[in-house]
Amino acid sequence: MFQTNNQLLWSTLDPRCLELTLMPTEQCNFRCTYCYEDFSIGKMSPRVQAALKRFMINRMEGLKYLSFQWFGGEPLAAKNIVYELSAFAQKLCLDHGVGFGGALTTNGYLLDMQTVQKLFGLGQRGYQISLDGMGDAHDRTRKLTSGTGTFDRIWTNLKRLRDSELGVSVLLRVHLTPENAQSVKALAVMLREEFLHDPRFSVLLKPIENLGGPNSASIAALNKAERAKLLGEMRSLLYRDMPSAEPSKTTVGEVCYASRPNSFVIRADGRVQKCTVALSEAHNTVGNLTDDGSIRLDRPLMGQWMRGYETGDSRDLRCPAERFPQRNNHEKFIPVALIS
């Protein structure tokens, strides 16, 4: 696979491209029943924001494209920080002839059209929004901190976005669990009718997994047979007679952002990590953002996250957090250095 798609694979190593996954706050207005985050950190401080701006200035030389991926918590719970950093990066990239864009992983509750239009003007034009079924089924697992349901407001926001003429892209992430199987099938029919005729919208089917965290003991997951059966039924409901609407798979998509040397997660407290799932794992912190805009990377640890490029093992490239090797003193080769 990697020999026949060698050009695509090595494009993920391009030092002229930089992807920053930014966590403007690690607080959230939702309390999803399967969430693995602990919400122990608040908004990104002005000091960390200033250091991030200096880092971007330091990295402009030789850069071709800068991409933001907003994550949380819920990033839109800190809209002003999203706006401020996006506006700064947009102008900086424009002044240096560097391409710029971005996307948000958001629960969609705060995604009103005023927010969408503001983000669009700042080059943040992609969204990943999760749904857990229709109405009550969704509301049982994706609820506000108050316990109130969220489906109706998210659905309204999505329809308003669909009815706009903005050139956005929206990935609807549908979570599958043993409890919501019937409801997600009804949702699939509605998604097909309401959104899949619009090329700006696509669907990702994602069985819920137990990723640890405070809710770990109560998380139920589909077994292998149940998963295969439900995925097949969902794809039939979504894409029957619409094969062009089903997302295609590419080799680049099999290289996780956490494997890539030009991709970093910037936590709200300034820690630099590789993975947005293993947030509490010590080996996930590969450096820290300093006040002068530098990132002091742990080179051996970076090498272990990027080991798939050395081993050629598709499992290491697809998810380097799995089977993570024991720490040793051997300094692995890092194809692209991003230390400022």
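The present account deals with the structure reproduced in this document. Quantities reported herein were computed from a predicted structural model and do not represent experimental measurements.

## Here we look at the state of the cysteines
Part 1: Enumeration over the complete set of coordinates arrives at zero disulfides.
Part 2: The thiol sulfur of Cys93 is not disulfide-bonded, and the nearest other cysteine sulfur, from Cys17, lies at 11 Å.
Part 3: The thiol sulfur of Cys275 is not disulfide-bonded, and the nearest other cysteine sulfur, from Cys256, lies at 6.4 Å.
Part 4: Take Cys275: its relative accessible area is 8%, and that puts it in the buried class.

## Brief notes about the sheet that holds strand E1 (residues 17-22)
Part 1: Judged by pairing direction, the sheet is mixed, and its nine strands sit side by side in the order E6-E5-E4-E3-E2-E1-E7-E8-E9 without closing on themselves. Strand pairing shows two members of the sheet lacking a second neighbour, strand E6 (201-207) and strand E9 (285-288), which therefore form its edges. On average, each strand axis in the sheet is inclined to that of its neighbour by 25°, with strand direction left out of account.
Part 2: Where E1 and strand E7 (residues 263-266) come together, four bridges link them in parallel fashion. In the sheet register, Glu19 faces E7, and the bridge partner there is Ser263.
Part 3: Along the sheet, helix H2 (residues 46-59) contacts E1, strand E2 (65-70) and E7; its crossing angle with E1, the most-contacted strand, is approximately 170°.
Part 4: Docked against the sheet, helix H7 (residues 181-194) engages strand E4 (124-131), strand E5 (169-176) and E6, running at close to 160° with respect to E5.

## Quick look at the packing of H2 against helix H3 (residues 79-96)
Part 1: With their axes 11 Å apart at the nearest point, H2 and H3 run at an angle of 20° to one another. Classified by the angle between their axes, H2 and H3 sit roughly parallel to one another. Two packed elements cross with a definite hand, and for H2 against H3 that hand is right-handed. Listed contacts from H3 to Gln49, Leu52, Lys53, Met56 and Ile57 of H2 are Ile81, Glu84, Leu85, Phe88, Ala89 and Leu92.

## Some points on the pairing of E6
Part 1: Of the two faces of E6, the one holding Phe201, Val203, Leu205 and Pro207 is buried and the one holding Ser202, Leu204 and Lys206 is not buried anywhere.
Part 2: Pairing of E5 with E6 involves seven bridges; the strand directions are parallel. From the neighbouring strand, Arg173 faces E6, where its bridge partner is Leu204.
Part 3: Assessed by its sense of winding, the connection that carries the chain from E5 through H7 to E6 is right-handed.

## Points about the packing of aromatic side chains
Part 1: Taken as a whole and assessed by the stated rule, the structure comprises seven aromatic pairs.
Part 2: An angle of 70° between the planes, with centres 5.9 Å apart, marks the rings of Phe30 and Tyr109 as edge-to-face. Placement of the pair is Phe30 in the loop between E1 and H2 and Tyr109 in the loop between strand E3 (99-105) and helix H4 (113-121), with a sequence separation of 79 residues.
Part 3: Aromatic pair Phe68 and Trp70: ring centres 5.5 Å apart, planes at 85°, arrangement edge-to-face. This pair shows no difference in class: Phe68 is buried, exactly as Trp70 is.
Part 4: The rings of Phe151, Trp155, Phe195 and Phe201 are connected pair by pair, giving a single aromatic cluster.
Part 5: In this arrangement the basic side chain of Arg31 is found over the ring face of Phe39, its NZ or CZ atom lying 3.9 Å from the centre.
Part 6: The ring of Phe264 is capped by Lys274, whose NZ or CZ atom sits 5.0 Å from the centre of that ring.

## Some points on the side chain of Thr141
Part 1: Position of Thr141 among the secondary structure elements: in helix H5 (residues 135-141).
Part 2: A polar side-chain atom of Thr141 sits 2.6 Å from a polar atom in the side chain of Asp132.
Part 3: Sequence-distant contacts of Thr141, defined by excluding residues within four places in its chain, comprise Arg31, Cys32, Thr33, Tyr34 and Asp132.

The rules behind these values
- Residues numbered from 1 in each chain as written.
- Predicted model: local features only at pLDDT ≥ 70, side-chain atom pairs only at ≥ 80, totals over all residues.
- Heavy atoms only, no water.
- Disulfide = S-S within 2.5 Å.
- Buried < 20%, exposed > 50% of the residue type's maximum accessible area, 1.4 Å probe, protein only.
- Pairing = 2+ DSSP bridges.
- Helix = DSSP H or I, 4+ residues; strand = E, 2+ residues; numbered from the N terminus.
- Axes fitted to C-alpha atoms, helices over the stretch in contact; angles between N-to-C directions.
- Contact = heavy atoms within 4.5 Å.
- Parallel < 35°, antiparallel > 145°, perpendicular 65-115°, else oblique.
- Left-handed = near helix turned anticlockwise from the far one by under 90°.
- Right-handed = clockwise from strand over helix to strand, strands pointing away.
- Phe/Tyr/Trp six-rings, centres within 6.5 Å; stacked < 30°, edge-to-face > 60°.
- Lys NZ or Arg CZ within 6 Å of the ring centre and 35° of its normal.
- Polar contact = N/O pair within 3.5 Å; in protein donor to acceptor, adjacent residues only side chain to side chain.

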